[in-house]
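Reading the structure
Next come the chains, spelled out residue by residue.
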Amino acid sequence: MKMSRRGWNNIIIFAVASMILIFKYVELHKQEAGPEPTLSGQLLPQGATVLRLELPELVIERVGTEWRSEPPIERPVAVIDAWLHISLKPWQNAIGGAATSDTVMVYLANSAVPLELSLFSLGEQHWINNWQGQLLQVDTDSYQALFPEVSQ
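Quick look at the structure, then.

The rules behind the values
- Residues numbered from 1 in each chain as written.
- Predicted model: local features only at pLDDT ≥ 70, side-chain atom pairs only at ≥ 80, totals over all residues.
- Heavy atoms only, no water.
- Phe/Tyr/Trp six-rings, centres within 6.5 Å; stacked < 30°, edge-to-face > 60°.
- Helix = DSSP H or I, 4+ residues; strand = E, 2+ residues; numbered from the N terminus.
- Core = buried A, V, L, I, M, F, W, Y, C linked by side-chain atoms within 4.5 Å.
- Buried < 20%, exposed > 50% of the residue type's maximum accessible area, 1.4 Å probe, protein only.
- Pairing = 2+ DSSP bridges.

Structural notes on the packing of aromatic side chains
For the coordinates displayed, the defined rule picks out three aromatic pairs. Aromatic pair tryptophan 83 and phenylalanine 147: ring centres 5.6 Å apart, planes at 80°, arrangement edge-to-face. Remark: phenylalanine 147 occurs in the segment after helix H3 (140–146) and tryptophan 83 occurs in helix H2 (residues 76–85); sequence separation between them is 64 residues.

Encoded structure:
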């Protein structure tokens, strides 16, 4: 038994309509599940591509496949890697009014507006707001990795 052209057209239409319904069902199911859980303690979104990082005393930017810093430092890629992968502890307490603050600007590849992070310092203690607005405590080792000393 051979199917007519009209029969094949009906099968194709039914298959396409079924696929559309399946895709819509999956999309609605994802929306009902709510937002994905956020990574606690990350400074930047997972998978972010940094184009430029403006620290209080240092600017690191991507030029082609290389990294350039002003003023020049050794291994600027290590600083970028630290910003992408370091994990810090969330801080629940108040910082206090005596803390000084600096702004860190992070320009990402898929964003027209840079991320503006705030760095708070009080003596030898440091805290930073991550991309989600979460306050994170920066220990001494992490601070040295994120904010390298610039020799004048």
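Still more to cover.
Points about the nonpolar core
With 27 residues, the main nonpolar core has Leu43, Leu53, Trp83 and Ile128 as its most contacted residues. Those elements giving two or more residues to this core turn out to be strand S1 (50–54), H2, strand S5 (100–108), strand S6 (115–122) and strand S8 (135–138). Considering every element that reaches this core, the biggest residue donor is H2, with four residues.

Quick notes on the pairing of strand S7 (residues 125–129)
Relative to S7, S6 runs antiparallel, the two being bridged by four bridges. From the neighbouring strand, serine 121 faces S7, where its bridge partner is histidine 126. Between the antiparallel neighbours S6 and S7 lie two residues, among them glycine 123 with a positive phi of about 70°. As paired elements, S7 and S8 share four bridges and run antiparallel to each other. Each residue of the ladder has a partner; that of histidine 126, found in S8, is valine 138.

Digging into the pairing of strand S2 (residues 59–63)
Looking at chain direction, S1 and S2 are connected through three bridges and run antiparallel. Paired with arginine 52 across the strands is glutamate 61, a residue of S2. What sits between S1 and S2 in their antiparallel hairpin is a turn of four residues. Between the end of S2 and the start of strand S3 (residues 66–70), which pair antiparallel, lie two residues, with glycine 64 showing a positive phi angle near 70°.

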